[in-house]
Amino acid sequence: MSEAEAAARTRPTALDRLDAALARGAKFAARTAVGGVVTEIATSHFRVAGLSRFVRMGEIVRIGAGERARLGEVVRIDDAAITVKPFDSRCDAEIGARAYRAESLTLWPDESWKGRVIDALGRPLDDAGPLAAGACGMALDAEPPPAMKRARVREPIKTGIRVIDLFTPLSAGQRIGVFAGSGVGKSSLLAMLARAPDFEAVVIALVGERGREVREFLDDTMGDNRANAVAVVSTGDESPMMRRLAPKTAMTVAEYFRDRGQSVLLIVDSVTRFAHAARDVALAAGEPAVARGYAPSVFSDLPRLLERAGPGAEGSGAITGVFSVLVDGDDHNDPVADNIRGTLDGHIVLDRAIADQGRYPAVNVLASISRIPQPKWTPEQRALVTRLRGLIARFEETRELRLMGGYAAGADPVLDQAVKTVPRIYEAMTQSLSSPLSDDPFVELAAALRAANKPEEPAHG
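In short, a report on the structure. If you're wondering where the values come from, they're calculated on a predicted model, not measured in any experiment.

**Here's the deal with the packing of aromatic side chains**
Counted by the stated rule, this structure contains four aromatic pairs. Centre to centre, the rings of tyrosine 256 and phenylalanine 257 are 5.2 Å apart; their planes meet at 70 degrees, and the pair counts as edge-to-face. Taken individually, tyrosine 256 and phenylalanine 257 each receive the classification buried, so the pair is uniform in this respect. When the ring of tyrosine 294 is compared with that of phenylalanine 299, the centres are 6.0 Å apart and the planes differ by 65 degrees; the resulting orientation is edge-to-face. Among the residues examined, tyrosine 294 registers a relative accessible area of 3% and is labelled buried. The cationic tip of arginine 341 hangs over the ring face of phenylalanine 179; the distance from NZ or CZ to the ring centre is 5.1 Å. Positioned above the aromatic ring of tyrosine 426, the side-chain terminus of arginine 359 is 3.8 Å from the ring centre.

Printed below as a string of structure tokens:
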């Protein structure tokens, strides 16, 4: 073959030049955006026409452009228009404003996020500068690990809180609820749990809290333990969309640390306010109220969130979930409280009557239970805890009888022992946020009982 023929074969053809031109155009040309128009505005949502056939439930829609752009989530789709619930607390869209499909919400967590405070969209709320982006993006609505691939819950966790380590012991990957009314020491107990030494990372979701309480909890209640924690904050004045999103954001951050093999403590305060926010969104979407104002989707959103906590796949870490539940009027049969109680692996009940006596943590031992038994207790320790529960039950069930003067020492040996021992148990279980963490609750309880039973030395004249 001559040189002229070889050059002719290597020279680009017209088809090659056209293909290259199309590639350059696709690289630099602006992408086409699918859009619609705002046609209806309500106090809690707005309607967009023209996107019904292009979006799905839960997708994100952007209204406007530039600095005034606002994000919302698709909560209902019909043939004429879609219903969008905005993330902002105020629905300030205008009739005729353009709305476009937006990218799904994604977080890019990083190890450097420890000690930081972020909002439900993953934006920093503190003055520590921008957040470092991790190497992998994570969706906020991730699925829990497959049931047959999850690790078993085996490793015990020492919280350092005597009443919990004795009567409701926790294990890594367990999910437990703290059921309490207002003003019974719930936040202090959660802060005490956050000090537990067995966790490598702590993620806290403050959902619907009062604005002034956020810094009090982080600066005063958490104190030095804040350096190991990531706080996700959505205050009560924010929109229901942000309050519903905050626990999912916290769960996603916890899953990042779990996938890195760390033992993670996730605290959500409170999951009841998450349910309230989910109810507002569901009602705006037109769902009927079926149980005390709650729509059916609320009772499917709760287990979908809670199931993401727990042990990860074999070889990864575990998320130990502590979910606080507000019981309005101390009514523990509220539909949300009842649904959560059936989903979790145990519950700790804080009693207002115990708090009124000045005993903190105000844990009702008889009403609290851990459904995962402590795997490393000896048979003697199990028998002791069972015996203590029995004495406490006998002491409490005869309280009114004793107050009326119907108790006589010597008639019932078990009751005699309960009257003598249970007040000492209560005293030994008392612990405050400023108290040191317990090293061995069995040893400390035994020492307290021995000191109480030690006979007094006669006075010398």
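Still more ground to cover, so stick around.
**Some remarks on the side chain of threonine 83**
Note on placement: threonine 83 falls in strand β5 (residues 81-86). Threonine 83 sits in the buried class, given a relative accessible area of 3%. Not counting the four nearest positions on each side in its chain, threonine 83 is found in contact with His45, Phe46, Arg47, Glu73, Val74, Val75, Arg76 and Ala284.

**Things to note about the sheet that holds strand β6 (residues 98-101)**
Pairing within the closed barrel is antiparallel, and its six strands lie in the order β1-β2-β5-β4-β3-β6. Strand-to-strand twist of the sheet, defined as the mean angle between neighbouring strand axes without regard to direction, takes the value 45 degrees.

**Section: the pairing of strand β14 (residues 229-235)**
Look at any regular strand and the pattern is simple: side chains alternate between the two faces of the sheet. Counted residue by residue, β14 has seven buried out of seven residues, so it is predominantly covered. Residues Ala229, Ala231, Val233 and Thr235 line one face of β14 and the alternating positions Val230, Val232 and Ser234 line the opposite face, and both faces are buried. Relative to β14, strand β8 (residues 117-118) runs parallel, the two sharing two bridges. Residue valine 117 lies in a different strand from β14, and its bridge partner there is alanine 231. Inspection of the sheet shows strand β13 (residues 201-209) paired to β14 by seven bridges, in the parallel sense. In the strand pairing of β14, glutamate 209 is matched with threonine 235. Between the parallel pair β13 and β14, the chain is carried across by helix α5 (residues 211-222), and the sense of this crossover is right-handed.

**As for the pairing of β13**
Most of β13 sits out of view: nine of its nine residues are buried. Relative to strand β15 (residues 263-269), β13 runs parallel, the two being bridged by six bridges. Pairing of alanine 205 across the sheet is with valine 268, part of β15.

**Side note on unusual backbone geometry**
In this chain, aspartate 269 is followed by serine 270 through a cis amide linkage whose omega measures 5 degrees. Inspection of the secondary structure puts serine 270 in the loop between β15 and α7 (271-284). Here tyrosine 360 and proline 361 are connected by a cis peptide whose omega angle stands at -5 degrees. Checked against the element boundaries, proline 361 lands in the loop between α10 (352-356) and β19 (369-370). The backbone of arginine 292 sits at a positive phi, close to 50 degrees, despite the residue not being glycine. Position of arginine 292 among the secondary structure elements: in the loop between α7 and α8 (298-306).

**Some words on helix α6 (residues 240-259)**
Counted at 1.5 Å a residue, the expected span for α6 with its 20 residues is 28 Å, and the 29 Å between its end C-alpha atoms agrees. At alanine 246, α6 shows its strongest bend, of approximately 30 degrees, with the proline proline 247 following within four residues. Of all the 20 residues making up α6, 19 are buried; the element is thus mostly covered by neighbouring parts of the structure. Of the residues trailing α6, glycine 261 is marked for its positive phi of about 85 degrees.

**What about the pattern of salt bridges?**
Under the criterion given, the structure shown has 31 salt bridges. Aspartate 345 serves as the salt-bridge partner of arginine 175, at 3.4 Å between the closest nitrogen and oxygen. Of the two residues, arginine 175 is situated in strand β12 (residues 175-180) and aspartate 345 in the loop between α9 (335-343) and β18 (346-349); the sequence distance between them amounts to 170 residues. Exposure remark for arginine 175: the relative accessible area of 8% places this residue in the buried category. As a salt-bridge pair, aspartate 338 and arginine 341 come within 3.1 Å of each other at their nearest N and O atoms.

Calculation rules
Residues numbered from 1 in each chain as written. Predicted model: local features only at pLDDT ≥ 70, side-chain atom pairs only at ≥ 80, totals over all residues. Heavy atoms only, no water. Phe/Tyr/Trp six-rings, centres within 6.5 Å; stacked < 30°, edge-to-face > 60°. Buried < 20%, exposed > 50% of the residue type's maximum accessible area, 1.4 Å probe, protein only. Lys NZ or Arg CZ within 6 Å of the ring centre and 35° of its normal. Helix = DSSP H or I, 4+ residues; strand = E, 2+ residues; numbered from the N terminus. Contact = heavy atoms within 4.5 Å. Pairing = 2+ DSSP bridges. Axes fitted to C-alpha atoms, helices over the stretch in contact; angles between N-to-C directions. Right-handed = clockwise from strand over helix to strand, strands pointing away. Expected span 1.5 Å × (residues − 1). Bend = angle between axes of the 7 residues up to and from the residue. Salt bridge = Lys/Arg side-chain N within 4 Å of Asp/Glu carboxyl O.

Function cannot be inferred from these measures alone, as they are strictly geometric.
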